[in-house]
Amino acid sequence: MEQSRNTAALIAAVEALVFVSDEPIAAKTLGEVLGEDKESIEAALEALMSEYDTRESGLRVREIAGGWQITTRTEYHDEVRQFLKTRPSAKLSLASLETLAVIAYKQPVTVPEILEIRGVQSASAIKTLLEKRLIVTKGHKETVGRPMQYGTSKDFLIQFGLKDLTELPSIEDFEDLIQ
Amino acid sequence: MEQSRNTAALIAAVEALVFVSDEPIAAKTLGEVLGEDKESIEAALEALMSEYDTRESGLRVREIAGGWQITTRTEYHDEVRQFLKTRPSAKLSLASLETLAVIAYKQPVTVPEILEIRGVQSASAIKTLLEKRLIVTKGHKETVGRPMQYGTSKDFLIQFGLKDLTELPSIEDFEDLIQ
Amino acid sequence: MIDQPEQFTFDFYNETARIDAGSGDDLKLTLGEFAGPLDLLLFLIKQEQANIFDIPISRIAGEYLRYIRLMKEMDIALAADFIVMAATLIEIKSKMLLPREITAEDGEELVDPRKELVDRLLEYEKFKSAAEMLYERTTIEQAVFTRGRIESDENNAEINASVFNILSVFQKILSRHKEEVMMEIHREEISLADMLKTLRKRIFDDLELDLADLFEEMHNKRELVTAFMAVLEIVRTESVKLIQKTTFGSIILRSQRNPQ
């Protein structure tokens with residue numbers, strides 16, 4: 001790619017790519033496609049993000065699941081939902097959410113380890129989470145019986161609005177809430 | 001919808017709706033969803049369009065086929081094309097996925113054996129999988145007619161994030177979850 | 001929308017285990033779908049307004065066993081985990097009754113027999129709170145939408161499948177092959193009234209219905225029983241006859257109404 005892009009053109013090119021990508025696009029990918037270094041790309045992304053914020057757009061640029069994405073701003077969810085006629089759907093049961101929490105914090109984790117924490121079988125919850133692609137298998141654990149290990153997926157990050165797993169509050173933080 | 005939207009909020013809401021719509025969205029539809037009259041909607045669309053133009057965005061708002069949509073600006077089509085090229089192409093059909101599953105778990109396996117398991121012809125699926133390099137031929141089976149045998153490729157492992165074939169979850173892993 | 005990821009909602013407060021204690025033994029019990037023994041214990045501790053760090057084990061164990069008995073009486077399928085916990089509670093209780101021995105080192109504190117259980121409860125509570133946090137996050141995320149489908153989406157998309165998809169697809173082929181009906185975990189129970197309605201429609205539409213076919217379609221014992229009852233009911237109340245053409249032949253339900 002030509003190197004002679006000015007800043008405005010770089011920001012515009014980044015915007016076009018973030019828009020066409022159907023999943024969050026990594027800064028690294030942007031750099032590769034545009035032939036620009038990491039710093040320029042990051043600067044362009046920051047500029048783009050604040051541009052959307054300052055002009056009070058109905059959209060925003062955000063970092064999620066290790067990439068960048070354009071989404072609607074939450075303020076307009078009523079209008080959007082009305083237009084798309086979507087309703088919030090597909091309930092996750094308490095069992096599924098608890099199981100997901102254990103997997104998110106303890107990954108990679110096996111079924112017996114989840115049982116240990118929850119005190120109850122979680123098989124159907126795990127099946128649901130796999131089907132919804134919120135978790136993925138992470139290979140067998142090299143221990144007796146070689147149980148399958150599970151971890152959270154990229155969809156999990158997207159669904160829960162996380163940049164990466166380090167954005168999860170520490171599990172120890174929840175201790176204070178208990179007593 | 002509330003009528004008390006100010007101009008900026010109306011433009012932002014219009015932007016959000018144009019963005020989420022699969023098809024070019026008609027001004028009339030926008031008016032209905034937002035509870036605004038034709039003039040306000042058209043003014044908002046004009047404002048939005050010139051906003052995108054003046055800030056030299058990588059995107060633009062345009063009227064097409066009786067509706068409005070956001071697209072990338074033609075100036076950046078080289079970059080967009082470049083990016084789209086880097087992406088692996090085409091979703092696997094269910095038939096291909098099924099055939100791939102049979103090959104993954106039963107390899108090396110012949111076409112008649114796949115037919116036996118799936119209960120339907122898989123010829124075009126096998127062609128697709130070969131083209132996508134997800135499967136490879138594994139020599140002839142020394143049996144009547146010497147049918148060709150198939151197995152999964154290295155690309156298959158990469159695509160599905162497996163170290164080797166032993167990392168494929170076993171049927172037992174799955175059955176554990178069904179109970 | 002391009003594969004707008006499915007959005008999840010969760011009714012946090014209505015799905016937790018709830019046990020409404022009435023007067024005396026008159027208890028109403030609403031167990032959340034998969035609430036486990038730790039949930040029950042936490043509930044009892046809260047209900048007894050006990051301190052989790054100083055659980056009145058005798059009282060809590062007694063209550064726990066009472067609930068277990070009640071669940072059994074109400075024919076609620078008890079997970080083995082509940083029984084294991086009951087045994088643990090009884091064990092702790094008996095340990096608490098033993099005279100406290102003096103340890104070798106003077107002044108060193110004795111390990112409280114309840115300690116392990118308390119640790120588990122505290123650990124579990126953390127994850128319950130984490131689940132609630134996830135719930136809140138996903139609620140916020142539901143207000144966020146991604147762009148609609150654009151042209152480039154048609155010729156794109158990586159192979160949109162995971163290893164699990166492969167396995168799951170394979171599993172389905174196998175079960176299709178064996179003509180096994182995979183039992184769904186959350187199948188809705190069909191009521192006798194619904195079953196009767198379906199049955200009536202089918203008989204009066206098709207005039208005949210092979211009972212073996214009907215029963216074949218049932219997914220579990222309960223549905224089978226419901227179907228059977230529906231058949232008896234419809235034979236009793238409607239102009240429908242049970243016919244068996246040959247000994248050991250299939251049994252046919254036949255409408256006696258004149259076809260229109």
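(A) Fine view of the overall build of chain A. A tally of helices and strands in chain A yields nine helices and five strands. The helix and strand sequence of chain A, counted from the amino end, reads α-α-α-β-β-α-α-β-α-α-β-β-α-α. Residue burial in chain A is summarised as follows: out of 179 residues, 55% are buried. At a minimum sequence separation of 6, the contacts of chain A that also span at least 24 residues come to 47%. Accessible area for chain A stands at about 7,600 Å²; split by element, carbon and sulfur atoms hold 49% of it.

(B) Spatial organisation of the nonpolar core. Core analysis: the biggest nonpolar cluster contains 57 residues, and Val14(A), Leu17(A), Ile70(A), Val14(B) and Ile70(B) have the highest contact counts within it. Those residues within four positions of Ile70(B) in sequence are excluded, and the remaining contacts are Phe19(A), Leu59(A), Glu15(B), Val18(B), Phe19(B), Tyr52(B), Leu59(B), Arg60(B) and Val61(B). In this structure, Ile126(A), Met148(A), Tyr150(A) and Leu157(A) belong to the second largest nonpolar core, which totals 33 residues.

(C) Representation of the pairing of strand 1 (residues 59-64) of chain A in the model. All names here are of chain A. With six bridges connecting them, strand 1 and strand 2 (residues 67-72) associate as antiparallel partners. By the bridge assignment for strand 2, Val61 is matched with Ile70. In this structure, the hairpin formed by strand 1 and strand 2 is closed by a connection of two residues, where Ala65 is found at a positive phi of approximately 45°.

(D) Here's a closer look at helix 3 (residues 38-54) of chain B. An ideal rise of 1.5 Å per residue puts 24 Å on 17 residues; helix 3 of chain B measures up with 24 Å between its terminal C-alpha atoms. Inspection of helix 3 of chain B places Ile41(B), Ala44(B), Leu45(B), Leu48(B) and Tyr52(B) among the buried residues, and these make up the whole buried set. Down the axis of helix 3 of chain B, the smallest arc covering the buried residues is 100°, so these residues share one side. Away from its buried face by more than 90 degrees, helix 3 of chain B exposes Glu39(B) and Thr54(B). Residues of helix 3 of chain B that are buried in the fold lie against strand 1 of chain A together with helix 1 (7-20), helix 2 (27-34), strand 1 (59-64) and strand 2 (67-72) of chain B. Among the residues trailing helix 3 of chain B, Glu56(B) stands out with phi positive, at a value near 50°.

(E) Structural context of the pattern of salt bridges. As enumerated under the stated definition, the model contains 39 salt bridges over all chains in all. With a closest N to O distance of 3.2 Å, Glu15(B) and Arg55(A) form a salt bridge. A residue pair is termed interchain when its members come from two chains, as with Glu15(B) in helix 1 and Arg55(A) in the loop between helix 3 (38-54) and strand 1. Judged on exposure class, the residue Glu15(B) and its partner Arg55(A) are both buried. Across the pair Arg81(B) and Asp78(B) runs a salt bridge, and its minimum N-O distance is 3.6 Å. Taken together, the positions of Arg81(B) and Asp78(B), both in helix 4 (residues 77-86) and three residues apart, correspond to about one turn of that helix. Taking relative accessible area as the criterion, Arg81(B) reaches 51% and is therefore assigned exposed. If you follow the salt bridges from partner to partner, you end up with Lys106(A), Glu172(A), Glu175(A), Glu123(C) and Lys126(C) in one network.

(F) Fine view of the interface of chain B and chain A. At the interface, 44 residues of chain B touch 44 residues of chain A. Here chain B meets chain A over a buried area of about 3,500 Å², counting both sides, of which 70% is carbon and sulfur. Taken together, the connections running from chain B to chain A amount to six salt bridges. Broken down by secondary-structure element, the contributors of at least two residues to the side of chain B that touches chain A are helix 1, helix 2, helix 3, strand 2, helix 4 and helix 9 (171-178) of chain B. Of the residues contributing to the side of chain B that touches chain A, the split by class is 23 nonpolar, 10 polar and 11 charged.

The rules behind the values
Residues numbered from 1 in each chain as written. Chains lettered and ligands numbered in written order. Predicted model: local features only at pLDDT ≥ 70, side-chain atom pairs only at ≥ 80, totals over all residues. Heavy atoms only, no water. Helix = DSSP H or I, 4+ residues; strand = E, 2+ residues; numbered from the N terminus. Buried < 20%, exposed > 50% of the residue type's maximum accessible area, 1.4 Å probe, protein only. Contact = heavy atoms within 4.5 Å. Areas by Shrake-Rupley, 256 points an atom, 1.4 Å probe, with all protein chains shown as cover. Core = buried A, V, L, I, M, F, W, Y, C linked by side-chain atoms within 4.5 Å. Pairing = 2+ DSSP bridges. Expected span 1.5 Å × (residues − 1). Arc of directions from axis to C-beta. Salt bridge = Lys/Arg side-chain N within 4 Å of Asp/Glu carboxyl O. Buried area = accessible area lost by both parts, 1.4 Å probe. Nonpolar A, V, L, I, M, F, W, Y, C, P; charged D, E, K, R; others polar.

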